[in-house]
Amino acid sequence: MFYLLATCDVPEAEPYEPGHFIGVDLGIANIATTSTGHKSAGRGLNRHRKRQLDLRRKLQAKGTKSAKRLLKQRNRREQRHAKNQNHIIAKTIVTEAERTSAGISLEELRGIRQRVRLRKPQRVALHSWAFAQLADFIVYKARRAGVPVVFVDPAHTSQQCCACGHIDKKNRASQALFTCRNCGVDAHADRNASHNIARKGVAVWTAGRESRAPATP
């Protein structure tokens, strides 16, 4: 059996001036939700990971050499599965942004495990899913396509109403439902957050652009 390993340099496209930004909200129930309506549901992925977790526990309880060997194989298979899913999600988001001449706005992921409060089963999913890998895939695919990407502060994105701007912890009625205490608007919680992330992306991009004003003589 022979293997051929080849590498090539792929030139990056020149970044364009985005007409708007697509906000991407990352989560457990939905891996990625965009402000344009795309939703990568996490239900099937979470079921798959739960089955793998249950199997790992059984193999760890056995402690035999064959069980340890099988455990390593399962771990590698799960990593490949997560990587493939992240590639698919990233490609979908970047393709939509490129097609509509939009930029992509992502949450800053630093400290996500510390700031998110979840039930124990959800904490397992949070710690096991490769959110940083997904963000990296989006960034490098966007760079190749010339799609601008910005990272924004995630503070209050899940508590702020995207319609009126009111911030209140009680606005988050449930995991899936957002109901504004100020203006009464009802929306899917992840979709509402993605709109806030998109709005912040516009602000970050505008603040970071070089001034086009003529130089003072």
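Keep in mind the model is a prediction, meaning the values are calculated, not measured.

Cut-off values and rules
Residues numbered from 1 in each chain as written. Predicted model: local features only at pLDDT ≥ 70, side-chain atom pairs only at ≥ 80, totals over all residues. Heavy atoms only, no water. pLDDT = per-residue confidence, 0-100. Contact = heavy atoms within 4.5 Å. Helix = DSSP H or I, 4+ residues; strand = E, 2+ residues; numbered from the N terminus. Polar contact = N/O pair within 3.5 Å; in protein donor to acceptor, adjacent residues only side chain to side chain. Patch = residues over 30% accessible without salt bridge, like charges linked within 9 Å, V, L, I, M, F, W, Y side chains within 5 Å. Areas by Shrake-Rupley, 256 points an atom, 1.4 Å probe, with all protein chains shown as cover. Salt bridge = Lys/Arg side-chain N within 4 Å of Asp/Glu carboxyl O. Lys, Arg positive; Asp, Glu negative; His and termini not counted. Charge placed at Lys NZ, Arg CZ, Asp CG, Glu CD. Buried < 20%, exposed > 50% of the residue type's maximum accessible area, 1.4 Å probe, protein only. Pairing = 2+ DSSP bridges. Axes fitted to C-alpha atoms, helices over the stretch in contact; angles between N-to-C directions. Phe/Tyr/Trp six-rings, centres within 6.5 Å; stacked < 30°, edge-to-face > 60°. Expected span 1.5 Å × (residues − 1).

**Brief notes about the confidence of the model for the protein**
- Of all residues in the protein, 79% have pLDDT values of 70 or greater, and the mean over the chain is 82.
- In the model, residues 123-128 has pLDDT below 50 throughout and makes 12 contacts with residues more than four positions away in sequence or in other chains.
- Within the model, pLDDT remains below 50 along residues 210-217, and this stretch shows one contact once partners closer than five positions in the same chain are excluded.

**Focus on the side chain of Ser105**
- Secondary-structure assignment places Ser105 in strand S4 (residues 103-107).
- Engagement of the side chain of Ser105 in a polar contact is seen with the backbone oxygen of Ile197, the distance being 2.7 Å.
- With sequence-adjacent residues up to four places away left out, Ser105 is seen in contact with Phe21, Ile22, Gly23, Val24, Val150, Val152, Ile197, Ala198 and Gly201.

**Thoughts on a positive patch on the surface**
- Together, Lys65, Lys68, Lys72, Arg76, Arg77 and Arg80 make up a positively charged patch on the protein surface.
- Along the chain, Arg80 falls in helix H2 (residues 65-99).
- On the basis of relative accessibility, which here comes to 52%, the residue Arg80 falls in the exposed class.

**Some details on the sheet that holds strand S2 (residues 30-34)**
- The mixed open sheet is built from five strands, whose spatial order is S3-S2-S1-S4-S5. Only two strands of the sheet have a single neighbouring strand rather than two, namely strand S3 (39-41) and strand S5 (149-152). With strand direction ignored, the average angle separating the axes of adjacent strands in the sheet is 20 degrees.
- By the bridge criterion, three bridges tie strand S1 (residues 21-26) to S2 in an arrangement that is antiparallel. Looking across to S2, one finds that Leu26 is bridged to Ala32.
- Running over the sheet, H2 touches S1, S2, S3 and S4 and is turned about 0 degrees from S2.
- On top of the sheet, helix H5 (residues 131-145) reaches S1, S2, S4 and S5; it is set at about 160 degrees to S4, its chief contact.

**Remarks on the packing of aromatic side chains**
- The tally for this structure, following the rule as stated, stands at two aromatic pairs.
- Taking the centre distance of 5.9 Å and the plane angle of 55 degrees together, the rings of Phe21 and Trp205 count as tilted. Of this pair, Phe21 sits in strand S1 while Trp205 sits in helix H6 (residues 189-208), and the two are 184 residues apart along the sequence.
- A ring pair is formed by Phe137 and Tyr140, whose centres lie 6.0 Å apart and whose planes are at 85 degrees; its orientation type is edge-to-face. You can see Phe137 and its partner Tyr140 sitting in helix H5, three residues apart, about one turn around the helix.
- A residue is classified by how much of its surface remains accessible, and Phe137, at 10% relative accessible area, is buried.
- Tyr140 sits in the partly exposed class, given a relative accessible area of 32%.

**Focus: the environment of Lys200**
- As for its placement among the helices and strands, Lys200 is situated in helix H6.
- Through-space distance from the C-alpha of Lys200 to that of Asp153 is 7.9 Å; in sequence the pair is 47 residues apart.
- At 2.7 Å, the side chain of Lys200 forms a polar contact with the backbone oxygen of Asp153.

**A short note on H6**
- Taking 1.5 Å per residue, 20 residues should reach 28 Å; H6 reaches 29 Å between its end C-alpha atoms and fits that length.
- Of the surrounding secondary structure, the elements contacted by the buried residues of H6 are S1, S2, S4, S5, strand S6 (177-179) and strand S7 (186-188).

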